[in-house]
Amino acid sequence: MVDIVMVGTVALDSVKTPFGQKDDILGGSATYGSYAASFFAQPGIVAVVGDDFPQDNLQLLKEKGISTDGIEVSGKTFRWSGEYEFDMNEAKTLDTQLNALATFSPKIPEEYKEAKFLFLANIDPNLQLAVLEQTNADFVMLDSMNFWIESARDKLLEVISKVDVLLLNDGEARQLFNTANLVKAAKQAMDLGPKYVIFKKGEHGALLFSDGKVFNAPGYPLEDLKDPTGAGDSFAGAFIGYIAKTKDLSEPNIRKAVVYGSVVASFNVEDFSLENMKRLSLEKIEQRFNEMQELRSF
Ligand code: AMP
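Please read all numbers here as calculations on a predicted model, not as lab measurements.

Hydrogen bonding along the main chain pairs the strands of a sheet, whether they run parallel or antiparallel. Across the sheet, which stays open at both edges, the four strands sit in the order 3-2-6-7 with mixed pairing between neighbours. Two strands close off the open sheet at either side, each with one partner strand: strand 3 (20-27) and strand 7 (92-97). The average undirected angle you get between the axes of adjacent strands in this sheet is 15°. For strand 2 (residues 11-17) and strand 3, the ladder comprises six bridges, and the chain directions are antiparallel. Its bridge partner being in strand 3, Asp13 is matched across the sheet by Ile25.

Structure (structure tokens):
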């Protein structure tokens, strides 16, 4: 049974970092998000890929227990290419080809309709809204990025007003709310509707804002960082996966979910595409979670 519905991109990425270059590798917000969530719960993807999309990529997701029944095949796959310099906190987008995404009209499989958790991963806010309207989730989280902030700002603000958790990276939060100050950005975000706001700060962890409280989650001090692509999406996937597993929406448990998000994201960036998450186990996740607790004890 699917317990988390995720709409987002399933993509072919071309990525260059100071540690290498890879072309046409598996990527996309729903790909990273669902794979990270699958360590805790059962995600189902809503997305579109083209007839150029390699079947073994879909097989990889299915073997992890992720439902791909909501992945439509039409036209050409969404493609993104990006580059990182030594400061790997921010990707420089070189090219975005929407392809099949430009005409995609999401349909939700019957078996997704009872899911209580919905992740509107980074994709066109019009598609996020279309999925939100077709599902019955109790807990909805949204992520986005500069591309949509610039091209669909009003629609994005409308979707934000309908979700429980808003997730952005710090640069995107400053851009969307037109302020340099993240505390002010979080207040503006919560005024729109979300109960929780999470700002991801790359290697510096994440900030969780809720009802007058702030939690500052550490980033794991990694020695081998190869490719930051998908850090935000794997953070989000593990976050909502942990909440779906525990079904506990209390603030202390949401804090724990933020730390699980940081942990899984830290594994993801140790290699390109899903390579390191493919080698990951719940046991290794728990070990690093305990190390994170040590990091903050004084
Ligand atoms: P992040 O977690 O922010 O590093 O997300 C990286 C993933 O986002 C890549 O695998 C891309 O395929 C995907 N992506 C890039 N641009 C967009 C976009 N405009 N909309 C949706 N997904 C995107």
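Moving on from the coordinates now.
A word on helix 2 (residues 55-63). Asn57, Leu58, Leu60 and Leu61 are the residues of helix 2 that are buried. Angular distribution of buried residues about the axis of helix 2 spans 150°; they occupy a single face of the element. Away from the buried face of helix 2 by more than 90 degrees, exposed residues Gln55, Asp56 and Glu63 are located. In this structure, the buried side of helix 2 is in contact with strand 2, strand 3, helix 1 (29-37), strand 4 (43-49), strand 5 (67-73) and helix 10 (275-278). Once helix 2 finishes, Gly65 follows within two positions and takes phi at roughly 85°, a positive value.

The next subject is the side chain of Ser262. Looking at the secondary structure, you find Ser262 in helix 9 (residues 251-268). Judged by its relative accessible area of 8%, Ser262 falls in the buried class. Ignoring anything within four residues of it in the chain, the contact list for Ser262 reads Pro218, Phe235 and Met292.

This paragraph deals with the sheet that holds strand 9 (residues 139-143). Taking strand neighbours across the sheet as the criterion, the nine strands line up as 5-4-1-8-9-10-11-12-13 in an open arrangement whose pairing is mixed. Lying at the two open borders of the sheet, with one neighbouring strand each, are strand 5 and strand 13 (213-217). Strand-to-strand twist of the sheet, defined as the mean angle between neighbouring strand axes without regard to direction, takes the value 15°. Of the strand pairs in this sheet, strand 4 and strand 5 are connected by five bridges, and their pairing is parallel. Along strand 5, the bridge assignment pairs Val48 with Glu72.

In this section: the site of the ligand. Contacts to the ligand come from 18 residues, most closely from Asp13, Gly28, Trp148, Gly230 and Asp233. Protein contacts shield 89% of the accessible area of the ligand, which totals 510 Å² for the unbound molecule. For the shell around the ligand, the elements supplying multiple residues, two or more each, are strand 2, helix 4 (146-151) and helix 8 (231-246). Considering every element that reaches the shell around the ligand, the biggest residue donor is helix 8, with three residues. In the shell around the ligand, the residues fall into nine nonpolar, seven polar and two charged.

Turning to a negative patch on the surface, a few remarks are in order. Side chains of Glu85, Asp87, Glu90 and Glu203 sit close together on the surface and give a patch of like negative charge. On the basis of relative accessible area, Glu90 is assigned to the exposed category, the value being 58%.

Next up on the list: the packing of aromatic side chains. Going through the model one piece at a time under the given rule, you end up with nine aromatic pairs. One aromatic cluster is present, built from ring pairs that chain together Phe40, Tyr242, Tyr260 and Phe289. Over the ring of Phe272 we find Lys22, and its NZ or CZ is 5.5 Å from the ring centre. The aromatic ring of Phe267 is capped on one face by Arg288, whose charged end is 3.7 Å from the ring centroid.

Parameters and conventions
- Residues numbered from 1 in each chain as written.
- Predicted model: local features only at pLDDT ≥ 70, side-chain atom pairs only at ≥ 80, totals over all residues.
- Heavy atoms only, no water.
- Pairing = 2+ DSSP bridges.
- Helix = DSSP H or I, 4+ residues; strand = E, 2+ residues; numbered from the N terminus.
- Axes fitted to C-alpha atoms, helices over the stretch in contact; angles between N-to-C directions.
- Buried < 20%, exposed > 50% of the residue type's maximum accessible area, 1.4 Å probe, protein only.
- Arc of directions from axis to C-beta.
- Contact = heavy atoms within 4.5 Å.
- Near = heavy atom within 4 Å.
- Areas by Shrake-Rupley, 256 points an atom, 1.4 Å probe, with all protein chains shown as cover.
- Nonpolar A, V, L, I, M, F, W, Y, C, P; charged D, E, K, R; others polar.
- Patch = residues over 30% accessible without salt bridge, like charges linked within 9 Å, V, L, I, M, F, W, Y side chains within 5 Å.
- Salt bridge = Lys/Arg side-chain N within 4 Å of Asp/Glu carboxyl O.
- Lys, Arg positive; Asp, Glu negative; His and termini not counted.
- Charge placed at Lys NZ, Arg CZ, Asp CG, Glu CD.
- Phe/Tyr/Trp six-rings, centres within 6.5 Å; stacked < 30°, edge-to-face > 60°.
- Lys NZ or Arg CZ within 6 Å of the ring centre and 35° of its normal.

Structural measurements only, silent on function.
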